[in-house]
Amino acid sequence: MGQGRQGRGVPLPEQWGELPGAAGRQARGKAAGPEARQAEIQRGAASPRTIGVVAPFLSGAFWGPVMIGIHASAQQRGHRTLVLRGTPSEVQAPSLAREQVDGWIVIIEYGGLEALARAGVPFITLGARPADITCPAVLPDNHGGVRSAVLHLIEHGHRRIAFVGSFDAYDVRERRDAYKDTLAEAGIPLDPDLVIPCDNNMYSGGRAAAPALLAQLPACTAAVFGTDKNALGMMSELKAAGVRIPEDLAIIGFDDVVEAQSADPPLTTVRQRFEMMGSAACDLMASMIDGEPFPAEGVRTANALILRSSCGCNVIQNFLDAEDAAPEEDAGRVVARQMVELLMLPRPLPPELPPTAVWPAVTRVVDMYFSVLRGAAPAPAAELERAYRQAVDITPDVGALLATARLLGQLPERRGATLDAAARRRVDDFLELARLAIARARLEAETRYLHQLGVLARTNYEVSFALLGGTEQEYRSLSWLETTTVVWGCLALWEDPAARTDLVVAGAYSRDGSPVPPDGSRCRLEAFPPAEMLPPSANDGTHMVMLLPIRSARRDWGILALVGSTIVAMTGDEGTVAIWGTLLGAALERDALLESLSARHADLQKAYGIERALSETVRELGCPVIPLLPGVLLVPLVGMIDGDRAQQVLEKVSGGVSRHRAFCVLLDLTGVPFVDAQVAHTLGMISRAAALLGARVYLVGVRPDIAMSLVGVDLGALATFSSLSAALRELGPAGGRARKAKRGAR
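Residues numbered from 1 in each chain as written. Predicted model: local features only at pLDDT ≥ 70, side-chain atom pairs only at ≥ 80, totals over all residues. Heavy atoms only, no water.

## A look at the sheet that holds strand β19 (residues 626–629)
Across a sheet, strands are paired by hydrogen bonds formed along the backbone, either parallel or antiparallel in direction.
Next up, step 1: One open sheet accounts for five strands, arranged β19-β20-β21-β22-β23; its pairing is mixed. If you trace the sheet from one side to the other, it starts and ends with β19 and β23 (719–721), each paired once. Put simply, the sheet's adjacent strands are angled 35° from each other on average, direction ignored.
Next up, step 2: The pairing of strand β21 (residues 664–671) with strand β22 (residues 696–700) spans five bridges and is classified as parallel. The residue bridging Asp-668 from the neighbouring strand is Val-700, located in β22.
Next up, step 3: Sheet contacts for helix α22 (residues 643–660): β19, β20 (632–638) and β21; angle to β20, the most-contacted strand, approximately 165°.
Next up, step 4: Lying on the sheet, helix α23 (residues 677–692) is in contact with β21 and β22; it crosses β22 at an angle near 145°. (Pairing = 2+ DSSP bridges. Helix = DSSP H or I, 4+ residues; strand = E, 2+ residues; numbered from the N terminus. Axes fitted to C-alpha atoms, helices over the stretch in contact; angles between N-to-C directions. Contact = heavy atoms within 4.5 Å.)

Rendered as structure tokens:
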């Protein structure tokens, strides 16, 4: 790639995050800062410039700092920041908030970027460059960062150097190309087997690629990784396989994530300035909106190689070994400068910058040390702790913090001075106090962090309970935002989820008394959130506006607008806002399902009532009691006869005999498919019940197969007729006279 190819973007020095000419623009921005800008807006003289940001994620070591950089730069200009979570196509950019956004910064994911290009709205990309759309981009100096890493390994004597990364990512592909170019520059042939792909940029990608790198050992002695997380993931696998780092394999990562400092060993890496990327993107976009000159290709932000133990370096010890003693008259000033540089390693302190500009209390620490050295009273421990609290804010690296005490302890030896026992004891006591102050300051920082996590956990619990355990009115009203630092919110649902053109306000919240849109009011997609309703802190750029699409597995519900400080300040950490969106979507889905279930329950209740009525009708039709002749009842049976049906027949026959004062019951079995022992038992019960009421039961329509099934069954007094006509002849008037005559003849 070479240094010349870096001309695709203007590189930014690490010490400043400005575009060419940015100083003048910032001066103009300060002249018309937030208060003046808001006054103009209220007078109707101007509308707020709005920088739109489209980002698929808002959590992690990259996204959060980038957002902070964008918002800080926009605040300085009095511009408003409006953040949309998603890809351009997912958030319907540029349609959503089109009437408010003056230009878009699109981060990493570019699905739907074509719509922005067609709309003619100014836009830039951050973190990657789209392949088929020409636009300015803000990118890290991937080439310079990897080049410095590879050259550093070459200086250590390594020649078999691998590159490991996920080549689906634009940044990592640039870093891989820089690795190849630097090897060629150094005259080292490229071995394709040492270019090892990962499945992703995360820890799991590094772990999965470990066997491929292990197969290249011991010939391969060093590796550069596309991301720190790939490197950290693989380091655990390498150590488990018995590989010593850096003795057997030197490793350098890229990003400088928080975990890099506490890794075992600490990870040498290329530090990116994500806040600078955000600030540079905002400056570039502001230049485009204002019609000022800007680099057509965009800008590249600088980075720095942070040397730690994983590459074989001991940076702190090297620094201490390299420092010479200062003359007596300059000792305090020189030592203070060296202590600050220890905290800033590997970046130097600019010569024109006094050490107190970075660590205000450093000269007081040095003065306390020299006072003790001269025999003064012991330094106040509380004051020393306050001083080191400032140092912890500069770097959390315990090694660098403790090195400042080591530097002080080595001063007499460096200056060739001999300390008597009393002076040595005083110095040792001071250094012990300093180390204790460092430990306490570091512990205090960790305690604050743990407290913040506790507050975050409680807040998320309360929000989760309100969204999933509260009523629909509670979560739609956004009253659950009371537990957060959000100052204004509005939940709007799609009037037509298929068309997604108009939104209906379902609930709103205001902490500072700013007006909110009434429930049920409608808002066009292009005008959401309603600009006239936003609090003053949003219009003057003090607070960020965030639009969070609310979705569930089955439906796109609408958009939640939030106004507050940075995303971290609003939610406790970057990932929480995504949790809120998921929970709110789940609550809406739950209530929709409950409403659907209620409607279905009502339908089922109605259907059940109809079914019961039909069942009763069927039961009546399935066992009708028909008065056939005076005193004679006909009961035709159809279908199978089970236990319930037998009980029904028994009840119907008994009731019919009693009601009609019948002396004869004809059970017509013509429609019964078969008669088993249970049915025969039932027929016997019916016969006996009728007999108790003074009636006799006759079976009608007994087929040969039914007759065979009744053989050997005790039917009691149950008699039969072969057919209904035979029964009628026997029981009719003529049959009755014949029976009387027969009885008279006897």
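## A short note on the environment of Ser-73
Next up, step 1: Take Ser-73: it is sitting in helix α4 (residues 63–77).
Next up, step 2: With 207 residues separating them in the primary sequence, Ser-73 and Ala-280 have C-alpha atoms 8.2 Å apart.
Next up, step 3: Beyond its immediate chain neighbours, meaning those up to four positions away, Ser-73 contacts Ser-279, Cys-282 and Asp-283.

## With respect to the nonpolar core
Next up, step 1: Counting 51 residues, the largest nonpolar core has Ile-105, Ile-107, Leu-126, Val-138, Trp-480 and Leu-560 as the members making the most contacts within it.
Next up, step 2: The leading source of residues in this core is helix α11 (residues 274–290), at nine residues.
Next up, step 3: The contacts of Val-138, once residues within four sequence positions are left out, are Ile-124, Thr-125, Leu-126, Gly-127, Met-277, Ala-280, Ala-281, Leu-284, Val-299 and Thr-301.
Next up, step 4: Ranked by size, the runner-up nonpolar core spans 49 residues in total, among them Ala-149, Cys-198, Ile-245 and Ala-260. (Core = buried A, V, L, I, M, F, W, Y, C linked by side-chain atoms within 4.5 Å. Buried < 20%, exposed > 50% of the residue type's maximum accessible area, 1.4 Å probe, protein only.)

## Looking at a nonpolar patch on the surface
Next up, step 1: A surface patch of nonpolar side chains, amounting to about 300 Å² of accessible area, comprises Tyr-449, Leu-450 and Leu-453.
Next up, step 2: As for its position among the elements, Leu-450 is in helix α17 (residues 421–469). (Patch = residues over 30% accessible without salt bridge, like charges linked within 9 Å, V, L, I, M, F, W, Y side chains within 5 Å. Areas by Shrake-Rupley, 256 points an atom, 1.4 Å probe, with all protein chains shown as cover. Salt bridge = Lys/Arg side-chain N within 4 Å of Asp/Glu carboxyl O.)

## Re the side chain of Asn-230
Next up, step 1: Structurally, the position occupied by Asn-230 is in helix α9 (residues 228–240).
Next up, step 2: When its relative accessible area of 0% is taken as the criterion, Asn-230 is described as buried.
Next up, step 3: When neighbours within four sequence positions are excluded, Asn-230 is seen to be in contact with Gly-165, Ser-166, Cys-198, Asn-200, Asn-201, Met-202, Gly-205, Gly-206 and Phe-225.

## Looking at the pattern of salt bridges
Next up, step 1: Throughout the structure, instances matching the rule amount to 30 salt bridges.
Next up, step 2: Residues Glu-444 and Arg-448 are paired through a salt bridge, measuring 3.1 Å at the closest nitrogen-oxygen approach. Here Arg-448 and Glu-444 lie together in helix α17, a separation of four residues that amounts to about one turn.
Next up, step 3: Glu-444 gets classed as partly exposed once you look at its relative accessible area, which sits at 29%.
Next up, step 4: In this structure Arg-448 comes out as partly exposed when scored by relative accessible area, which is 39%.
Next up, step 5: Ionic contacts of the salt-bridge type, sharing partners, join the residues Arg-49, Asp-102 and Asp-290 into one network.

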